[in-house]
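Report on the structure
As a plain string of letters, each chain reads:
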Amino acid sequence: MSLIYNVTKAFPQEEIYEITAQIRRSAISVASNIAEGSSRISVKEQKRYYEIAFSNATECLNQLIISNDLGYIENHALLTFRENISRITYSLNKLKSSLDSKLTVSEPSEEYKPKSTSLNPINPISPINLAKENPELIQTIGYTFHYTALIDNDSEIGEGTKIWHFSHIMPHCKIGKNCNIGQNVVVSPEVILGNNVKVQNNVSIYTGVTCDDDVFLGPSCVFTNVVNPRSAVNRRGQYSKTHVGQGASIGANATIVCGHDIGKFAFIGAGAVVTKHIPDYALAVGNPAKQMGWMSEYGHRLKFDDKGEATCIKSGDAYILKDKNVHKVGE
Ligand SMILES: CC(C)(COP(=O)(O)OP(=O)(O)OC[C@H]1O[C@@H](n2cnc3c(N)ncnc32)[C@H](O)[C@@H]1OP(=O)(O)O)[C@@H](O)C(=O)NCCC(=O)NCCS
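Please read all numbers here as calculations on a predicted model, not as lab measurements. (Residues numbered from 1 in each chain as written. Predicted model: local features only at pLDDT ≥ 70, side-chain atom pairs only at ≥ 80, totals over all residues.)

For the peptide bond that leads from N287 to P288, omega is -5 degrees, which places it in the cis range. Positionally, P288 belongs in the loop between β21 (282–285) and β22 (290–295). Phi is positive for E190, close to 70 degrees, though the residue is something other than glycine. You can see E190 is positioned in the loop between β9 (186–187) and β10 (192–193). Its 17 C-beta neighbours within 10 Å are what place E190 among the partly exposed residues. If you check the backbone angles, N196 has positive phi at about 55 degrees while not being a glycine. Position of N196 relative to the elements: it lies in the loop between β10 and β11 (198–199). (Helix = DSSP H or I, 4+ residues; strand = E, 2+ residues; numbered from the N terminus. Buried ≥ 20, exposed ≤ 12 C-beta atoms within 10 Å, placed from the backbone.)

Written out as C-alpha cells, the structure reads:
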C-alpha cells in the first residue's frame, strides 16, 4: 500500500481526483475486501468478498498500466506492481479453491460452480498469467518465478529466466536471458549474471561477483566478498571482486575466496577452495585448489602431446597449449 501511495504522490496535480484517487481506492479495496471476507462466517460470503478483492486487484493493475502509458510511472515500477499483484491474485485463487472444496462438502449450491467461476489473474495488455501447467509459477512479461521467490525492485531479469522456490533476487542485479536460478539462492545487490547461467540450489552470489554467459554454479558452492570479515567492523563497500569467465563450471561445495578470477571454460572440482586466479580451460581441485589438468569447452579432459596439441574426445575441437595458456584452435 505504501508503494502505491508513494508512486501516486508524484502524479500530476490534475489527476488527484482522477487516476490517483482510482488507483488508491482500488488498492485499498483489495485489502478491505480480504479483511471483510475473513470476518464472515458463511463460506459463500467469504468467497464473494475474495472475488471482489480479485476484481479490485485487476482493476488496480489496469489503472497502473494506463498510468505507465501516460508516462506517470516507470517501467520497472510497473513490473514490481505486476509481480505483487500476481502474488495477490494467486493467493486469492488458492483461497477461493479451498473455499470451493468446503462448499462442495457442506454447502452445495447451483450458484457456485468451481470450474466456471474459476478466477485467473488477468492482464489486459501483457501475458501475466499463472503458468497453466504449474499453477505455482508466476509468469511476468519475460521471466518466470515460483510464488515463494522474492524479487526486489530495480533488477533486470532476462526473458526465459526461471527463478525457483525461496530464492531472493536483491536490488540492482542484472540477470541475463534463459538463466536458471535454483532453490534457496540469494543473488545480492549489483551482481551481474550473463545469459544461460545455471545456478544450482543453495548458492549465495554476493555483491562483487560477475559471471559471463553459460557459467555453471554447482549446488552449495560458495562465493565470498570480504577477505577478512569481522562482525564488529563494517566493511560494506570494501567488497573484493570475483569474475567468472564464459562457460566456466564450479563444482558442488567449492569455495571461491574473493578477489580471484576463474578463467573462461575453467573447471573447479567439487569441494575445491580457490585461493588463486584460475586460467582459462584449467581444471583445479583440492584445498587449496591446485591445477590438475585442462578441460575442453565440452567438459572433457584435454591431454596435450609434446607439441602442445590436444583434441577434445567428444567434440573433436583442437586446442593448443603455449606459454602455460590454452586456447582453442580457430579462436
Ligand atoms: C574434478 C572432476 C571433474 C574430475 O573428474 P575426473 O577427470 O573423472 O577425475 P577422476 O575421477 O579420474 O580423478 C582423478 C584424480 O583426481 C582426484 N579428484 C577428482 N575429483 C576431485 C575433487 N573434486 N577434489 C579432489 N580430488 C579430486 C581423484 O581422487 C583422483 O585422484 P588419484 O589420481 O590420486 O586417484 C570431478 O571429480 C568433479 O569434482 N566434478 C564436479 C562434480 C560436481 O560438483 N557437479 C555438480 C553438479 S551435480
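Okay, the sheet that holds strand β24 (residues 309–311) next. With antiparallel pairing, the three strands of this open sheet are ordered in space as β24-β25-β26. Strand pairing shows two members of the sheet lacking a second neighbour, β24 and β26 (325–328), which therefore form its edges. Taken over all neighbouring pairs, the strand axes of this sheet differ in orientation by 25 degrees on average, direction set aside. In the sheet, β24 pairs with strand β25 (residues 318–322) via three bridges, with the strands oriented antiparallel. (Pairing = 2+ DSSP bridges. Axes fitted to C-alpha atoms, helices over the stretch in contact; angles between N-to-C directions.)

With 27 residues, helix α3 (residues 43–69) should reach 39 Å at 1.5 Å per residue; the first-to-last C-alpha distance of 39 Å fits that figure. Once α3 ends, the next one or two residues include G71, with phi positive near 85 degrees. (Expected span 1.5 Å × (residues − 1).)

Ranked by internal contacts, the top residues of the largest apolar core, which has 53 residues, are V187, I250, A266, I268, V274 and A284. Of all the secondary-structure elements, those providing two or more residues to this core are β13 (209–211), β14 (216–217), β19 (267–268), β21 and β22. Element by element, the count of residues in this core is highest for β21, at three residues. In this structure, this core is formed jointly by two domains, domain 2 (143–295) and domain 3 (300–331), each of which donates at least three residues. Residues contacting A284, with those up to four places away along its chain left out, are I268, G269, A272, V274, I278, A289, K290, Q291 and M292. One finds V30, I34, A57 and I73 within the second-largest nonpolar core, a separate group that totals 17 residues. (Core = buried A, V, L, I, M, F, W, Y, C linked by C-beta atoms within 7 Å. Domains from an automatic or database assignment. Contact = placed C-beta atoms within 7 Å.)

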